[in-house]
Amino acid sequence: VDFDGKVSVEEFDGMIEAAAALPRKFGYQWWSEEKCPDEATRKSVREALFKEIDSNNDGGISFDEWLEHALKHYKNVTGGLPKSLDAEDKDSFVSVCKKGAEAGSAEHRRLYWFHWKCFQAADADRDGMV
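Residues numbered from 1 in each chain as written. Predicted model: local features only at pLDDT ≥ 70, side-chain atom pairs only at ≥ 80, totals over all residues. Heavy atoms only, no water.

## Side note on the confidence of the model for the protein
Taken over all residues, the pLDDT of the protein has a mean of 90, while the share at 70 or more is 99%. Mean pLDDT across the elements of the protein ranges from a minimum in helix α5 (residues 106-122), with 91, to a maximum in strand β2 (residues 61-62), with 96. (pLDDT = per-residue confidence, 0-100. Helix = DSSP H or I, 4+ residues; strand = E, 2+ residues; numbered from the N terminus.)

What follows is the structure, encoded as structure tokens:
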């Protein structure tokens, strides 16, 4: 990291690894990991992605170029995710609540994240206490 305000092709792999860490934590491969069985392939795939994001072809990715790409990318990859629990209809909500008592179930995870979202909304000063 040279603090020049741009990410070079040499720095890009580290940035993608940082961006991929959180989705990976939840079991998602949103940054083409499935296309990269080895390091050489990963570097090749990421070099192509670098060129795609570097829209002005200046050899570096600015924050604006990165943000534009990342937002489009997340919009595409999240399209198939389930709706937020608070966006469900009544019957779906009740069903999730009933099945949510089964620890480790998908419904249990959905309830966890719904209540986490509620807690964060109430924790205005972000001290971990309501």
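## Looking at the environment of Ala124
Looking at the secondary structure, you find Ala124 in the segment after α5. According to the relative accessible area criterion, Ala124 is exposed, its value standing at 74%. Along the chain, Ala124 and Gly80 lie 44 residues apart, while their C-alpha atoms are 31 Å from each other. (Buried < 20%, exposed > 50% of the residue type's maximum accessible area, 1.4 Å probe, protein only.)

## Description of unusual backbone geometry
Positive phi, normally seen in glycine, also occurs at Asn57, with a value near 55 degrees. Its place among the elements puts Asn57 in the loop between α2 (39-53) and β2.

## Considerations on helix α3 (residues 63-78)
With 16 residues, α3 should reach 22 Å at 1.5 Å per residue; the first-to-last C-alpha distance of 22 Å fits that figure. Within α3 the residues assigned to the buried category are Glu65, Trp66, His69, Ala70 and His73. Buried residues of α3 fall within an arc of 120 degrees about the axis and therefore sit on the same side. Across α3 from its buried face, at more than 90 degrees, point the exposed residues Phe63, Asp64, Leu71, Lys72 and Lys75. In this fold, the buried residues of α3 make contact with α1 (9-25), α2 and β2. (Expected span 1.5 Å × (residues − 1). Arc of directions from axis to C-beta. Contact = heavy atoms within 4.5 Å.)

## Section: the packing of aromatic side chains
Inspection of the entire model under this criterion finds eight aromatic pairs. On the numbers, 5.8 Å between centres and 65 degrees between planes, the contact of Trp30 with Tyr74 is edge-to-face. Pair noted here: Trp30 is in the loop between α1 and α2 and Tyr74 is in helix α3, with a separation of 44 residues, a long-range link. A ring pair is formed by Trp31 and Trp66, whose centres lie 5.5 Å apart and whose planes are at 25 degrees; its orientation type is stacked. Of the two residues, Trp31 is situated in the loop between α1 and α2 and Trp66 in helix α3; the sequence distance between them amounts to 35 residues. The residues Trp31 and Trp66 share a single accessibility class, namely buried. (Phe/Tyr/Trp six-rings, centres within 6.5 Å; stacked < 30°, edge-to-face > 60°.)

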